[in-house]
Amino acid sequence: MIVGYITFWAELFFRGGETHTSFWAAGISLILLLFFAFIFIFIPDFRLNPDRGGYAKSGQRAAAFRQSGNPDGLPRKASPKLWDKLWIFLCAFKCRAFSCNANLGLNVPAINPSKNDEKPLSKLILIPGFILVILILAIGLYASFLPPHLIQESDAFSYHMTIPRQLLLRGSFEHIGWSFADLYLLPVDFALAPFWFCTKLPNKIPQFVFLLGLILASVSLAGKIGGRLSASGICIMFGILGTHSVGIQIGTAMLDLVLCYLFIAALDSFIEGKVFRSAIEFAFYFWSKPFMPVQAVLIILLLIFSVWLIKRFKCKEIVWNLSSDIEPKGEIKRFILFFLAVSLFVAGPFVYKSMKAAGTPLFPLFTGLVKTSNTQQQINELKAKSDQMLMAKDSYGYGRGIKEFVKHIWLIAVPEKEVNNKFDYPLGLVYLLCLGPFFGTIIKGFRQRKIAILPLIVIVFWTVWWMGSHQSRFLYVPLILMIIIVLSQDEFQSRLMHTGLIIALILTAASVYRANKSDFGKNNYDVLRDKDKILLQMSKAVRKGETVTSVFHDVAFAEFKVDSIDYGSDYVLKQFK
């Protein structure tokens, strides 16, 4: 994420006017991956935990090998020395070393054989489960190499890809006069743009990589709060990929799974004690969308109030999760300082642009809060467009009453018309499988007079979501946390749960296949919308640096500067031209 973000700014100011980003970001990331892989595999006596100066003990390694299915503690066809290095590399891979968060201070928790001697998953679950996982990921990877062209990728056409590319073509960060979305917070879009545009046609590969990162970060977090290394990790992978709303986004240009990864990764890094890395991940999450800072502040305040309120009911002990006795190693004060410092770099330019043009740091929220040099007519247009955009949140769900809240617990999971429902994307079977055990965990905490922070985060997050837009895609964070909380506990590793996960994987695999089957065998150009084919044809005739007037605004494929006159669109401004 950091590599892509820095690279885009460098591209913007030093290579402005180019139609594509260079291979800097992709090349640097590949070099970093190979570098850390080389360290983990080939450097003798690489420390598993450099911060403490300790080497992996033979007993811990043997326990780890037993967990990986080798009761003897050694591979049959490899020397112990080579296997140790390969095992270290696999642990590094699990800790997200490949996803722009390489960590030289790899901290693999000590493995207690007595705690982790668990009954392995049945082959009747493992074999079909992994076949379905491979099928889902293979289709998703195939779709990731295709350019955006689906209906649900409209945000990518309208601004995720259009704004960074138009700014790159201009070689300037100045406001694009006709674009409403250019005033949004776009640090994540900037960070991914070098990867999107380094190919001939925009690709969606970064989103797929972050999906893998989400799975690995979730497994890593589950290992910290639950102590299990194999069964729970596999089930969490099955649970994430078996979630219908997740399956819908696999292989698409949408950013919700990327944002979910940033939150889960930040939480995992903080618990591990990697405060600076956690601050970077959370800063990108916090400033990723205009409503995110408001949502995050409300969640933090409501979380603090909830802990205070529960304490009054004689629940004095605060734990991270009921199945865990660990404490986070991160320090709140250091985290806040790092977060504020990183935020200046990540959010500062966007806040400045928003304040300068719209009089608010979080456009389109609070538009016209302070005076600007713009005319009153321009501010009025921004306010009208902002109100129009913000009203969209009320087009989802059935209302915010108590009766509607009770009903939504079921309705949010099931489709109503084709594959969608009133909440946008159905959450699916995995959510229903985890819902009962999750409430059971809450009740168990009250009985034990304990305040479990992770389950409380889920409840608070869901509550704040209910107060805002009822789009189910904004529930990825509490949903994934719910899956982690439930499936990291031994008591919920039942045959019924495992069977349900397999059924969920079957349903998701069918949905992913159905969504992408019409693209099988087609080349990148054939899948494009007609308007995007027109833009590509025009790009051959337009001279470099020339600005072309366009009758539509979603011009992610334009390799030239655009001046849109699509005034019927919510994204196009008239008075700022």
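Residues numbered from 1 in each chain as written. Predicted model: local features only at pLDDT ≥ 70, side-chain atom pairs only at ≥ 80, totals over all residues. Heavy atoms only, no water.

K.L.:
Hey, could you run me through the overall build of the protein in this one?
P.N.:
For the protein, the helix and strand inventory stands at 24 helices and four strands. With 577 residues in all, the protein has 56% of them scored as buried. Pairs at least 24 apart in sequence give 74% of the contacts found in the protein among residues at least 6 apart. If you sum the accessible surface of the protein, you get close to 25600 Å²; carbon and sulfur atoms cover 65% of it. (Helix = DSSP H or I, 4+ residues; strand = E, 2+ residues; numbered from the N terminus. Buried < 20%, exposed > 50% of the residue type's maximum accessible area, 1.4 Å probe, protein only. Contact = heavy atoms within 4.5 Å. Areas by Shrake-Rupley, 256 points an atom, 1.4 Å probe, with all protein chains shown as cover.)

K.L.:
What exactly am I supposed to notice about the environment of Gly-171 here?
P.N.:
In this structure, Gly-171 sits in the loop between helix 8 (162-170) and helix 9 (187-196). Along the backbone, Gly-171 and Phe-13 are 158 residues apart, and their C-alpha atoms lie at a distance of 5.8 Å. Aside from chain neighbours lying at most four places away, what touches Gly-171 is Leu-12, Gly-16 and Gly-17.

K.L.:
What is the right way to read the pattern of salt bridges from this model?
P.N.:
If charged atoms from side chains of opposite charge come close, those side chains can pair. What the rule picks out here adds up to 15 salt bridges. Lys-224 serves as the salt-bridge partner of Glu-272, at 3.8 Å between the closest nitrogen and oxygen. Of the two residues, Glu-272 sits in helix 13 (residues 256-272) while Lys-224 sits in helix 10 (residues 205-226), which places them 48 residues apart along the sequence. According to the relative accessible area criterion, Lys-224 is buried, its value standing at 13%. Note that Arg-529 and Asp-532 form a salt bridge whose closest N and O atoms lie 2.8 Å from each other. Residue Asp-532 is classed as buried on the basis of its relative accessible area of 0%. Three or more residues are tied together by salt bridges with common partners; here these are Asp-155, Asp-256, Asp-424 and Arg-473. (Salt bridge = Lys/Arg side-chain N within 4 Å of Asp/Glu carboxyl O.)

K.L.:
Explain the nonpolar core to me, please; I cannot follow it from the model alone.
P.N.:
Across soluble globular proteins, you tend to see nonpolar side chains buried next to one another. The biggest cluster of nonpolar side chains holds 163 residues, and the ones touching the most others in it are Ile-264 and Leu-481. The element that contributes the greatest number of residues to this core is helix 13, accounting for 13 residues. When neighbours within four sequence positions are excluded, Ile-264 is seen to be in contact with Leu-214, Ala-217, Ser-218, Leu-221, Ile-480, Leu-481 and Ile-484. (Core = buried A, V, L, I, M, F, W, Y, C linked by side-chain atoms within 4.5 Å.)

K.L.:
Sorry if this is basic, but what is going on with the side chain of Gln-489 here?
P.N.:
Position of Gln-489 relative to the elements: it lies in the loop between helix 22 (476-487) and helix 23 (495-516). Engagement of the side chain of Gln-489 in a polar contact is seen with the side chain of Thr-441, the distance being 3.2 Å. (Polar contact = N/O pair within 3.5 Å; in protein donor to acceptor, adjacent residues only side chain to side chain.)

K.L.:
How should I be thinking about the pairing of strand 3 (residues 547-550) in this particular structure?
P.N.:
Where a strand is regular, its side chains alternate between the two sheet faces. Every second residue of strand 3 is oriented toward a common face, the buried set being Val-548 and Ser-550 and the non-buried set Thr-547 and Thr-549. As judged from the four bridges shared by strand 3 and strand 4 (residues 561-564), these two strands associate in the parallel manner. Note on strand 4: the bridge partner recorded for Ser-550 is Ser-564. (Pairing = 2+ DSSP bridges.)

K.L.:
What's the story with helix 11 (residues 231-242) in this structure? I'm lost.
P.N.:
The periodicity of an α-helix, 3.6 residues per turn, causes residues three or four places apart in sequence to face the same way. Taking 1.5 Å per residue as the helical rise, helix 11 with its 12 residues ought to reach 16 Å, and the 16 Å between its terminal C-alpha atoms agrees with that figure. Most of helix 11 sits out of view: 12 of its 12 residues are buried. Contact partners of the buried residues in helix 11: helix 6 (123-144), helix 10, helix 12 (244-249), helix 20 (429-447), helix 22 and helix 23. (Expected span 1.5 Å × (residues − 1).)

K.L.:
How should the confidence of the model for the protein be read in this particular structure?
P.N.:
Do not read the fine detail of predicted coordinates wherever pLDDT is low. On average, residues of the protein score 82 in pLDDT, and 80% of them reach the 70 mark or higher. Element-level pLDDT for the protein is lowest in helix 4 (residues 80-94), with a mean of 40, against a maximum mean of 95 in helix 14 (residues 275-286). Low pLDDT, under 50, characterises residues 44-117; the stretch is placed with 112 contacts to residues that sit more than four places away or in other chains. (pLDDT = per-residue confidence, 0-100.)

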